[in-house]
Amino acid sequence: EKNHRGPAPPPRRNITRCANANADGEMEHPKYCESYVESRRRPTHTVWIGKVPVGSEHPLALQTMTTTNTRDVEATVTQCKKVADAGADIVRITVQGMKEAEACMEIKNKLVADGYDIPLVADIHFAPKVALKVAEAVDKIRVNPGNFMDGAKKFDDDKIYTDEEYEAELEAIEELFTPLVLKCKELGRAIRIGTNHGSLSARTLARYGDTADGMVESAFEFARICRKLDFHNFVFSMKASNPLVMVQAYRLLAARMYEEGWTYPLHLGVTEAGEGEDGRMKSAIGIGALLLDGLGDTIRVSLTEDPDLEIKPCKILAGIGQDSVKEAKGVPDFGEDRQWRNFGRREADLPAQREGDVLDYRSLLHRDGSVLAAITAEELAAEPALYSALGCKTAVGMPFKDIATVDSVLLDKAPTDEAALKVLRRLQEAGLGVFIPLEELQANPVPNAVALMTMSQAGGGAPELPEGCQRFAVTADGTETAEQVSALKGSLADLVLFRPSPDLSYTHVGRRFFEYLRRDDIRIPVIFAKSFEGVTKEELVLQAGSQIGSLLVDGMGEGVMLQNPGGSAANLNELRLISFGQLQGCRMRNTKTEFVSCPSCGRTLFDLQEVTAQIAEKTGHLPGVAIAVMGCIVNGPGEMADADFGYVGTVPGKIDLYVGREVVKKGIPMESATDELIELIKEYGRWVDPEPAEEELVAEAV
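What counts, and at which threshold
Residues numbered from 1 in each chain as written. Predicted model: local features only at pLDDT ≥ 70, side-chain atom pairs only at ≥ 80, totals over all residues. Heavy atoms only, no water. Helix = DSSP H or I, 4+ residues; strand = E, 2+ residues; numbered from the N terminus. Rg over C-alpha atoms; globule rule 2.2 N^0.38 Å. Buried < 20%, exposed > 50% of the residue type's maximum accessible area, 1.4 Å probe, protein only. Areas by Shrake-Rupley, 256 points an atom, 1.4 Å probe, with all protein chains shown as cover. Lys, Arg positive; Asp, Glu negative; His and termini not counted. Charge placed at Lys NZ, Arg CZ, Asp CG, Glu CD. Phe/Tyr/Trp six-rings, centres within 6.5 Å; stacked < 30°, edge-to-face > 60°. Lys NZ or Arg CZ within 6 Å of the ring centre and 35° of its normal. Polar contact = N/O pair within 3.5 Å; in protein donor to acceptor, adjacent residues only side chain to side chain. Contact = heavy atoms within 4.5 Å. Core = buried A, V, L, I, M, F, W, Y, C linked by side-chain atoms within 4.5 Å. Pairing = 2+ DSSP bridges. Right-handed = clockwise from strand over helix to strand, strands pointing away. Axes fitted to C-alpha atoms, helices over the stretch in contact; angles between N-to-C directions. Left-handed = near helix turned anticlockwise from the far one by under 90°. Nonpolar A, V, L, I, M, F, W, Y, C, P; charged D, E, K, R; others polar.

(A) Seen up close, the overall build of the chain. Helix and strand counts for the chain come out as 23 helices and 25 strands. Taken against the 2.2 N^0.38 rule, which gives 27 Å for 702 residues, the C-alpha radius of gyration of the chain at 26 Å falls within 12% of a compact globule. Along the first, second and third principal axes, the C-alpha atoms of the chain reach 80 × 60 × 55 Å. For the chain, with 702 residues in total, the buried portion stands at 59%. As displayed, the chain offers around 26900 Å² of accessible surface, 49% of which is attributable to carbon and sulfur atoms. On the chain, the mean spot of the 78 positive side-chain charges and the mean spot of the 107 negative ones are 5 Å from each other.

(B) Expanded view of the packing of aromatic side chains. Summed over all chains, the structure comprises 18 aromatic pairs. Centre to centre, the rings of F220 and F236 are 5.9 Å apart; their planes meet at 25°, and the pair counts as stacked. Taken as a pair, F220 in helix α6 (residues 212-228) and F236 in strand β8 (residues 234-239) lie far apart in primary sequence, 16 residues in all. Each member of the pair F220 and F236 is classed as buried. Between R256 and the ring centre of F220, over which it is positioned, the NZ or CZ distance is 4.6 Å. Sitting over the ring of F532, K530 keeps its end group 5.5 Å from the ring centre.

(C) Structural detail: the side chain of D407. Its location among the elements puts D407 in the loop between β13 (398-400) and β14 (408-410). At 2.8 Å, the side chain of D407 forms a polar contact with the side chain of R589. Apart from the residues lying within four places of it in its own chain, the contact partners of D407 are S363, L364, L365, H366, G369, S370, V371, K401, G431, L432, G433 and R589.

(D) Representation of the environment of A449 within the structure. In this fold, A449 is placed in the loop between α13 (438-443) and β16 (450-454). On the basis of relative accessibility, which here comes to 0%, the residue A449 falls in the buried class. With 20 residues separating them along the chain, A449 and C469 place their C-alpha atoms 5.6 Å apart. Once residues lying within four places of it in the same chain are set aside, the contact partners of A449 are Q428, V434, I436, L441, G468, C469, Q470 and R471.

(E) Examining the nonpolar core more closely. Of all hydrophobic cores here, the largest spans 169 residues; its most connected members are I141, F177, F236, L390, F513 and F528. Sequence-distant contacts of F236, that is, excluding residues within four places in its chain, are made with I193, A219, F220, A223, L253, M257, W262, Y264, P265, L266 and H267. Formed by 20 residues, the second largest nonpolar core is a distinct cluster that contains F595, L608, F645 and Y647.

(F) Seen up close, the pairing of strand β4 (residues 90-94). Within β4, five of the five residues are buried, leaving the element largely enclosed by the surrounding structure. As judged from the three bridges shared by strand β3 (residues 61-65) and β4, these two strands associate in the parallel manner. Looking at β4, one finds that T64 is bridged to V91. Tracing the backbone out of β3, into helix α1 (residues 73-86) and back to the parallel element β4 gives a crossover that is right-handed. In terms of strand pairing, β4 meets strand β5 (residues 120-124) through four bridges, oriented parallel. Of the residues in β5, the one forming a bridge with I93 is A122. Chirality of the crossover, the property in question, places the unit of β4, helix α2 (residues 98-113) and β5 among those that are right-handed.

(G) Quick peek at the packing of helix α20 (residues 608-619) against helix α22 (residues 670-683). Following both chains from N to C, one finds α20 and α22 inclined at 35°, their axes separated by 11 Å at the closest point. Two packed elements cross with a definite hand, and for α20 against α22 that hand is right-handed. In contact with V611, I615, K618 and T619 of α20, α22 contributes M670, T674, D675, L677, I678 and I681. Across the contact of α20 with α22, the residue classes tally to six nonpolar, two polar and two charged.

(H) The arrangement of the sheet that holds strand β22 (residues 626-630) in detail. Spatially, the five strands line up as an open sheet ordered β21-β22-β23-β24-β25, and their pairing is mixed. Looking at the sheet topology across the chains shown, the edges are occupied by β21 (594-597) and β25 (662-669). Taken over all neighbouring pairs, the strand axes of this sheet differ in orientation by 20° on average, direction set aside. The pairing of β21 with β22 spans four bridges and is classified as parallel.

What follows is the structure in structure tokens.
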């Protein structure tokens, strides 16, 4: 049995390669989770955060963070009670100075007096002395390796650190961090070594860039100090606002810990995820993908909303992860060769035009990721409403594609009445594909529809198609053998619709299916289909984000099709928007502005929810543009790594504007800051005027 302390701490060194590297220093296939074929929790030792045990032998602990001014003791106590009543196991409080540290003692005492023993975590940036003070009052200290010593970032890209300079900074970190570790050891406190992608130190950026390797090494520098002092009551986190970066960083961290024999628990979170469906989707993609691999022991969903509203999605995600481990559905070992360290997407051959085609089939799918929609006869009969739900614009009643129009539709039944056929014809003329099962088309042909058939019906090459049908697609249910998948080699199918039974683990049968495709170099596009019944809209978003997202983050799949029979959780339009949100969250297809907004805390210098909503209202129509809205300077410049433009609070009532990581306008009054942001976007050539409303298009057409 492994001792979590492992061997003696190694001497400090600059690690420039990863575990299991080959002769060229490249990672081959290191172990990052207990199993690739089923969900199995990664074994950890237990870290105690006050009364709460965190580790693989315990349920996932749920966390959130207060948004009050920490000096306002009554307001902070009230919010701590509210999140505890909502189900939070742990709550974090921002502590930026000595007055906040002193307030934490009052907060703790008042909570205990009122019968609340929820553990408190102090969030520390730039302030080692404050950390020492507040350790007397709280149960855990969160330190950010990127700014615990180094202070505010200047992002001097020209700075090159010699080995001697690098080593000198590591020695300075040890001198500064050691007193806190010893105090936490003495008092029985915990520490979270919490790396943020956007706030790596200048030293780390100079040597590693803003990479997952840099994030992990930054955390390891602090972990080695803890281990040298025989302190092991700490957890790691690797947060980023980009779910793909976040997933890669946690996987790499886990792989490195497997190599070292370390068993420290993991705190999971996608930082600055935003609000509403988008914030939940990005969190589900990152947190859910890791939970389904058995990684993670405590989680936080960081939303630009009130902190008690974070707990429900936390509970849902925890349930997804814990249920997947408990059910252990999985698949037999299939010899996976997944390149989990790569960001590259799978290469697929999109539909191409062929000689004799009477329709342009190239628009069946989109090169950056496709959204398909399953429609019913009832929806087909409501023509104007259907066009709107599919994301079409209309002029004089005729549909045409917009930036977030579904690419193709699927019907279970072939319509026979002329009105329905006319609607399908108009959709086809607008560039939408129409998929209908083979048996239906054989009984009731629909001109230019794509026949949907099983693999056995398709065989190899080109099967016989019904009258008026020139193209076909195949379905897969995840139970296919390698030989059955291999039969697709040379097939002329335009896509595979992958829709496993709910009784199977979507993640693991998906990985197996794509491994079989890879071995035979089968490049047919694959669309992930999933039907949700008996769930709420929030559950639908989080389940789709976790299960389908766990495959998309590895570059598998070319699109999604979500269904909610009966529309109890989400109607056709909502499913479309959720689907496009999933593609954007997985860094595939951008159909709207990407917002990176922090969840607010006691440092925030303005109403984040209100300001984010105002900015989104005026700038939300800019696909391909990422805007960061940050309440303070702590993560402001750093998190610009994932944004094109930034809106950052500096002092009350004043805003700094950024382009990338560079501040370009300082001290702008809040009243005019949004307009100044728009002018900045225009100055850099990224602005487009909003599209005209439908009535304007009608007037132009007339």
